[in-house]
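# Chain and residue survey
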Amino acid sequence: MSDSKSTGRGPRAVIEREPERAHADERAAEREAGDHASSKSFQDATIGFFTGAGRRAWRYADAHPHTVLYGCIGLVLAVLILWLGLWDTIVIAIFVGVGAAMGQLRDGDGGIYRFFNRLFGGRR
């Protein structure tokens, strides 16, 4: 419907403009007084948001430790592959695995060593 064919059934919206000078001084005073309060409330809201997000993240990490661990490992591997390349990342992973296996043997655990011994040692 256009304005030229108005049927007179409902009220028409009218926008009244007020003079700018009358309210310019009021708005300037409100801005000066409200700048400190609004920045403080914004700061409190921002800090509260990050504090709450941190608490939720730690609760999730406590409830799902393996998901978070393997997600972080995947992120590190992806960054290494993109940054160093696939083969350099594989060499680094091999050295880290060998170092971890040697550390477990020195600690008396040997879980990685037993895993590879079962995998490649054959069945007797």
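Residues numbered from 1 in each chain as written. Predicted model: local features only at pLDDT ≥ 70, side-chain atom pairs only at ≥ 80, totals over all residues. Heavy atoms only, no water.

### Side note on the confidence of the model for the protein chain
Looking at the protein chain, pLDDT values average 78 and 72% of them are 70 or higher. Summarising per-element confidence for the protein chain, the mean pLDDT is lowest in helix α1 (residues 20-63) (72) and highest in helix α2 (residues 65-84) (90). (pLDDT = per-residue confidence, 0-100. Helix = DSSP H or I, 4+ residues; strand = E, 2+ residues; numbered from the N terminus.)

### Describing helix α3 (residues 86-107)
With 22 residues, α3 ought to run about 32 Å at 1.5 Å a step, and its terminal C-alpha atoms sit 31 Å apart, in line with that. The first or second residue beyond α3 is Gly108, which carries a positive phi of 90°. (Expected span 1.5 Å × (residues − 1).)

### Section: the packing of aromatic side chains
On inspection of all chains with the given rule, the structure shows 3 aromatic pairs. Centroid distance Phe49 to Phe50: 5.2 Å. Interplanar angle 70°. Geometry classified as edge-to-face. When sorted by exposure, Phe49 lands in the same class as Phe50, which is exposed. An angle of 70° between the planes, with centres 5.1 Å apart, marks the rings of Phe115 and Phe116 as edge-to-face. Judged by relative accessible area, Phe116 falls into the partly exposed class, the value being 41%. An aromatic cluster of at least three residues, connected via ring pairs, comprises Phe115, Phe116 and Phe120. (Phe/Tyr/Trp six-rings, centres within 6.5 Å; stacked < 30°, edge-to-face > 60°. Buried < 20%, exposed > 50% of the residue type's maximum accessible area, 1.4 Å probe, protein only.)

### Looking at a nonpolar patch on the surface
A cluster of nonpolar side chains, contributed by Leu69, Tyr70, Ile73, Leu77, Ile81, Leu86, Trp87, Ile90, Ile94, Val98 and Met102, occupies part of the molecular surface with about 1100 Å² of accessible area. Counting only elements with at least two residues in the nonpolar patch, the list comes to α2 and α3. Here the nonpolar patch gets 6 residues from one element, more than from any other, and that element is α3. (Patch = residues over 30% accessible without salt bridge, like charges linked within 9 Å, V, L, I, M, F, W, Y side chains within 5 Å. Areas by Shrake-Rupley, 256 points an atom, 1.4 Å probe, with all protein chains shown as cover. Salt bridge = Lys/Arg side-chain N within 4 Å of Asp/Glu carboxyl O.)

### Considering the pattern of salt bridges
Considering all chains together, one arrives at 1 salt bridge under this definition. Asp109 is paired through a salt bridge with Arg114; the nearest N and O atoms lie 4.0 Å apart. A relative accessible area of 42% places Asp109 in the partly exposed class. The partly exposed category is assigned to Arg114, whose relative accessible area is 45%.

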